[in-house]
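One letter stands for each residue in the lines below.
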Amino acid sequence: MSLPSNPTSADADPNAPLAQHAPRASWSDMGESEHFVQFYEDDAFLVDSVGAFIGAALGAGDSAIVIATPAHRDALDMRLKAHGFNLAVIKMRVQYIALDAAETLAKFMVDGLPDPTLFNEVVGGAVARTSKGQRNLRAFGEMVALLWAEGNSAAAIRLEELWNELGKIHRFALFCAYPMAGFSATAHGQPLTHICNAHSRVIPAESYNAQVSFDDRLRTITILQHKAAALEAEVAERKNAESGLREEQTKLTMAVGVAGLGVWELDLQTNAFSCSVQCKAHFGLTPDEPLTYIRAFSLIHPDDRERVQNALRMAVDANVDYNIEYRIINPAGRLRWIAAMGRCFRNDKYRMLGVTLDITERKQAAEILEQTVAERTRDLQETIAELESFSYSISHDMRAPLRSMHGFADILMDEYGDLLDNHGRTYLQRITSAAARMDRLIQDVLTFSCAVRSEFDLEPVNLEHLVCGILDCYPNLQPPQADITVEGTLLPVLGNEAALTQCLANLLSNAVKFVPPGTQPRIRVWSELVSGQQPDAQGAPSNPQASWVRLSIQDNGIGIPIEAQEKIFAMFQRLSKTHEGTGIGLAIVKKTAERMGGRVGVTSELDKGSTFWVELRHACSPLHEMPYKVSAQS
């Protein structure tokens with residue numbers, strides 16, 4: 001009995017010219033000593049091919065060895081029996097040996113590799129017994145396929161080499177087989193090359209053999225070459241991309257580690273929560289302890305939970321970044337501060353990806369700093385209060401001896417002036433003048449101290465009446481000493497009448513005093529509304545609904561250089577040596593205006609006069625409540 005030759009032997013005449021250009025796709029024209037490999041896609045094809053291979057040997061009176069899996073051995077036995085072979089008799093004559101691949105493999109494998117000595121004893125012994133009597137031998141083995149399936153490609157290649165070495169001792173034709181599905185990964189390329197090189201012939205899978213003509217096979221080879229080249233290029237590009245991605249991932253991992261960031265991810269549909277080891281550490285957990293969304297939320301301080309939940313809900317609903325700081329109480333009972341940031345994104349599901357950072361030390365430092373600032377501010381306020389009280393007391397007490405000096409100098413001049421010569425009277429006049437100037441300086445210091453220390457009751461002030469009263473009470477502001485014109489009706493303001501009187505009296509007196517010699521002082525006074533331009537305590541414009549009144553005093557005096565206009569409102573700043581003054585008057589004006597919630601300013605040009613202005617809230621502004629107080633610390 002015999003089986004048909006190789007089921008793939010439907011090739012054209014091998015002597016045809018095209019046969020020289022296409023690979024042999026069957027074992028039908030092999031030699032008596034050859035080691036070939038068959039790749040296959042379907043088990044039924046393999047069994048048919050092996051059945052034809054072994055059946056041809058048995059039908060010719062030659063011997064055969066099959067080392068295969070139980071399923072393949074059983075299927076092969078069925079095919080051999082179907083074609084009339086009496087396997088029991090053949091096996092009894094040691095013409096046919098069938099061995100289990102896994103059991104045989106286990107007999108010569110040592111530390112994951114085939115041992116040459118044991119291989120020769122096990123497999124070489126079977127070959128020697130079967131080929132006894134100089135019969136030709138055909139062998140089929142799929143032990144290499146088992147090793148390949150286990151991922152042990154090195155052992156499979158080594159076993160192919162041992163078969164080749166055994167072929168130098170015994171004469172046989174060896175049929176190896178591998179399922180094509182085992183070579184789907186790009187990493188299999190180099191091991192596959194080694195396997196192909198270990199065989200005298202490589203037979204492609206049956207899909208190639210389905211091509212009847214050599215032209216079709218050559219066309220298939222060309223297409224496969226193109227696919228292989230394209231695949232190699234794609235693999236190379238992918239490797240470059242993966243290499244760049246790994247490099248960026250390494251950098252990101254290092255940056256996250258150096259920054260001490262914990263990484264977390266929350267599934268916004270299922271609340272499934274996953275996080276890094278560092279994130280667990282922020283919550284006081286070990287790397288092996290689980291951290292779910294519920295447990296993470298339970299570790300948040302009870303007073304912060306609602307705030308955290310609201311912030312998370314707002315970030316999800318408004319699709320904005322999640323950014324919050326909150327306290328946790330870790331399993332050890334320690335209070336820690338955590339900063340959490342996250343951002344929502346969608347791909348296959350709706351998630352939020354974020355980071356955590358332990359900010360406990362920063363919070364503690366901020367608390368210490370805040371406490372230190374509060375303590376030093378309190379100490380500074382106490383020191384300032386003591387200094388102000390001391391300066392007020394000193395300034396007040398200094399006026400008594402000055403009054404004595406001034407009084408006795410006047411008496412001396414009145415009663416003994418005739419007895420003094422011109423030099424004596426000049427000296428005496430200088431003493432009197434110096435005492436008067438010192439007294440004015442002390443009075444200005446006391447006024448400034450009062451402006452700083454006192455509480456101001458703010459109420460509507462009629463500027464029209466106030467300015468007219470000042471003009472009536474100060475002789476130096478009346479004709480012919482000065483020509484002062486009040487233009488229009490002066491608008492009412494919210495202020496303190498006594499403080500405002502001091503402020504405007506200083507500005508009007510300066511306007512009359514600081515004029516060139518021989519010049520008649522001409523002063524214009526007017527007011528106007530300025531809406532929403534008054535800055536707040538931080539320098540930003542206040543509410544635009546508020547109304548402010550700007551009172552302007554323009555003179556024809558000596559003017560102020562541009563570089564000096566920022567200095568004149570500071571203490572003890574005197575710009576003219578030819579005009580008397582203490583250098584405190586404008587400082588009093590500025591401080592008084594600020595204490596009433598307003599501000600002062602000047603526009604001036606040297607030798608062309610100046611315009612000083614004071615801005616206060618309009619008394620009819622809807623944003624004020626009357627009356628109220630401004631304390632000394634405001």
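The coordinates are above.
Description of the structure in this document. (Residues numbered from 1 in each chain as written. Predicted model: local features only at pLDDT ≥ 70, side-chain atom pairs only at ≥ 80, totals over all residues. Heavy atoms only, no water.)

Looking at the overall build of the protein chain
Here is step 1: Check the secondary structure of the protein chain and you find 18 helices and 21 strands.
Here is step 2: Taking all 634 residues of the protein chain together, the buried fraction comes to 38%.
Here is step 3: Partitioning the intrachain contacts of the protein chain with sequence separation of at least 6 by distance along the chain shows that 69% fall at a separation of at least 24.
Here is step 4: Carbon and sulfur atoms provide 55% of the accessible area of the protein chain, an area that totals close to 35,400 Å². (Helix = DSSP H or I, 4+ residues; strand = E, 2+ residues; numbered from the N terminus. Buried < 20%, exposed > 50% of the residue type's maximum accessible area, 1.4 Å probe, protein only. Contact = heavy atoms within 4.5 Å. Areas by Shrake-Rupley, 256 points an atom, 1.4 Å probe, with all protein chains shown as cover.)

Here we look at the nonpolar core
Here is step 1: Counting residues in each nonpolar core, the largest one holds 40 residues, and the members touching the most others are Leu500 and Leu504.
Here is step 2: If one sorts the elements of this core by residue count, helix 17 (residues 497-513) sits on top with nine residues.
Here is step 3: Sequence-distant contacts of leucine 504, that is, excluding residues within four places in its chain, are made with Leu463, Leu466, Val467, Ile470 and Leu551.
Here is step 4: Core analysis: the next-biggest nonpolar cluster, separate from the first, contains 32 residues, Val37, Leu147, Ala156 and Leu166 among them. (Core = buried A, V, L, I, M, F, W, Y, C linked by side-chain atoms within 4.5 Å.)

Thoughts on the packing of aromatic side chains
Here is step 1: Considering all chains together, one arrives at 15 aromatic pairs under this definition.
Here is step 2: When the ring of phenylalanine 36 is compared with that of phenylalanine 53, the centres are 5.7 Å apart and the planes differ by 85°; the resulting orientation is edge-to-face. Of this pair, phenylalanine 36 sits in strand 1 (residues 34-40) while phenylalanine 53 sits in helix 1 (residues 43-59), and the two are 17 residues apart along the sequence.
Here is step 3: The class for phenylalanine 36 is buried, based on a relative accessible area of 0%. (Phe/Tyr/Trp six-rings, centres within 6.5 Å; stacked < 30°, edge-to-face > 60°.)

So, the sheet that holds strand 13 (residues 350-358)
Two pairing modes exist for strands in a sheet, parallel and antiparallel, and in both the strands are linked by backbone hydrogen bonds.
Here is step 1: An order of 10-9-13-12-11 is seen for the five strands of this open sheet, with the pairing classed as antiparallel. This sheet does not close on itself; its edge strands, each paired only once, are strand 10 (273-275) and strand 11 (322-329). Taking each pair of neighbouring strands and ignoring which way they run, the sheet shows an average axis angle of 25°.
Here is step 2: For strand 9 (residues 262-267) and strand 10, the ladder comprises three bridges, and the chain directions are antiparallel. Within strand 10, the residue paired with tryptophan 264 across the bridge is cysteine 275.
Here is step 3: Contacts from helix 13 (residues 302-318) reach strand 9, strand 11, strand 12 (335-346) and strand 13 within the one sheet, and its direction differs from that of strand 11 by about 160°. (Pairing = 2+ DSSP bridges. Axes fitted to C-alpha atoms, helices over the stretch in contact; angles between N-to-C directions.)

So, helix 1
Here is step 1: The first and last C-alpha atoms of helix 1 sit 23 Å apart over 17 residues, in line with the 24 Å expected at 1.5 Å per residue.
Here is step 2: With respect to burial, helix 1 is a largely interior element, 12 of its 17 residues being buried.
Here is step 3: Along helix 1, the positions that sit buried rather than exposed are Phe45, Leu46, Val47, Ser49, Val50, Gly51, Ala52, Phe53, Ile54, Gly55, Ala57 and Leu58.
Here is step 4: N-cap assignment for helix 1: the residue whose side-chain oxygen lies 3.0 Å from the backbone N of alanine 44 is aspartate 42. (Expected span 1.5 Å × (residues − 1). Polar contact = N/O pair within 3.5 Å; in protein donor to acceptor, adjacent residues only side chain to side chain.)

Observations concerning helix 7 (residues 153-167)
Here is step 1: Spanning 15 residues, helix 7 covers 21 Å between terminal C-alpha atoms, matching the ideal 21 Å at 1.5 Å per step.
Here is step 2: Of all the positions in helix 7, only Ala155, Ala156, Ile157, Leu159, Glu160, Leu162, Trp163 and Leu166 are classed as buried.

Considerations on the packing of helix 17 against helix 18 (residues 585-595)
Here is step 1: Relative to each other, helix 17 and helix 18 sit at 145°, their axes nearing to 9 Å. The interaxial crossing formed by helix 17 with helix 18 has left-handed handedness. Of the residues in helix 18, those in contact with Ala499, Leu500, Gln502, Cys503, Asn506, Leu507 and Asn510 of helix 17 are Gly585, Leu586, Ile588, Val589 and Thr592.
Here is step 2: Of the residues that constitute the contact of helix 17 with helix 18, the class distribution is seven nonpolar, five polar and no charged. (Left-handed = near helix turned anticlockwise from the far one by under 90°. Nonpolar A, V, L, I, M, F, W, Y, C, P; charged D, E, K, R; others polar.)

Thoughts on the pattern of salt bridges
Here is step 1: If you walk through the whole model with that rule in mind, you get 18 salt bridges.
Here is step 2: Put simply, arginine 73 and aspartate 100 hold a salt bridge, and the shortest N to O gap is 3.0 Å. Taken as a pair, arginine 73 in helix 2 (residues 70-82) and aspartate 100 in strand 3 (residues 96-100) lie far apart in primary sequence, 27 residues in all.
Here is step 3: In this structure arginine 73 comes out as buried when scored by relative accessible area, which is 18%.
Here is step 4: Judged by relative accessible area, which is 13%, aspartate 100 ranks as buried.
Here is step 5: A salt bridge links glutamate 265 to arginine 351, with the shortest nitrogen-to-oxygen separation between them at 2.5 Å. Taken together, the positions of glutamate 265 in strand 9 and arginine 351 in strand 13 put the pair 86 residues apart, joining distant regions of the chain.
Here is step 6: Of the residues examined, glutamate 265 reaches a relative accessible area of 21% and is grouped as partly exposed.
Here is step 7: Since its relative accessible area comes to 13%, arginine 351 is described here as buried.
Here is step 8: Each of the salt bridges in this network shares a partner with another, and the network as a whole consists of Arg158, Glu161 and Glu165. (Salt bridge = Lys/Arg side-chain N within 4 Å of Asp/Glu carboxyl O.)

What about the sheet that holds strand 8 (residues 201-203)?
Here is step 1: Read across the open sheet, the six strands follow the order 3-2-6-7-1-8; overall the sheet is parallel. The open sheet has two edge strands with one neighbour each: strand 3 and strand 8. Averaged over all pairs of adjacent strands, the angle between their axes in this sheet comes to 15°, without regard to strand direction.
Here is step 2: Note: strand 1 against strand 8, three bridges, orientation parallel. Bridge assignment links phenylalanine 36 to a residue of strand 8, and that residue is arginine 201.
Here is step 3: Most of the contacts of helix 2 go to strand 3, to which it runs at about 155°, and overall it touches strand 1, strand 2 (63-68) and strand 3.
Here is step 4: Sitting on the sheet, helix 5 (residues 116-130) is in contact with strand 2, strand 3 and strand 6 (137-141), with an inclination near 155° to strand 2.

Quick word on the environment of tyrosine 322
Here is step 1: Take tyrosine 322: it is sitting in strand 11.
Here is step 2: Distance from tyrosine 322 to valine 308, taken between C-alpha atoms, is 9.6 Å for residues 14 residues apart in sequence.
Here is step 3: With residues near it in sequence (within four places) discarded, tyrosine 322 still touches Trp264, Val308, Ala311, Leu312, Ala315, Ala340, Met341, Gly342 and Met352.

Section: a nonpolar patch on the surface
Here is step 1: Residues Leu412, Tyr416 and Leu419 make up a contiguous nonpolar surface patch of about 320 Å² in total accessible area.
Here is step 2: Counting through the fold element by element, leucine 419 comes out in the loop between helix 14 (360-416) and helix 15 (422-453). (Patch = residues over 30% accessible without salt bridge, like charges linked within 9 Å, V, L, I, M, F, W, Y side chains within 5 Å.)

Description of unusual backbone geometry
Here is step 1: The linkage connecting proline 479 with the following residue, proline 480, adopts the cis geometry, with an omega of 0°.
Here is step 2: For aspartate 607, which is not glycine, the phi torsion reads 70° and is therefore positive.
Here is step 3: Inspection of the secondary structure assignment puts aspartate 607 in the loop between strand 19 (599-604) and strand 20 (610-617).

Comments concerning the pairing of strand 11
Here is step 1: What you see with strand 11 is a clean split: Tyr322, Ile324, Tyr326 and Ile328 sit on the buried side and Asn323, Glu325, Arg327 and Ile329 on the side with no burial.
Here is step 2: Relative to strand 12, strand 11 runs antiparallel, the two sharing eight bridges. Bridging across to strand 12, tyrosine 326 finds its partner in isoleucine 338.
Here is step 3: Following strand 11, the chain reverses through five residues before pairing antiparallel with strand 12; glycine 333 in that reversal takes a positive phi of roughly 85°.

Everything listed here is a matter of geometry and, on its own, says nothing about what the molecule does.
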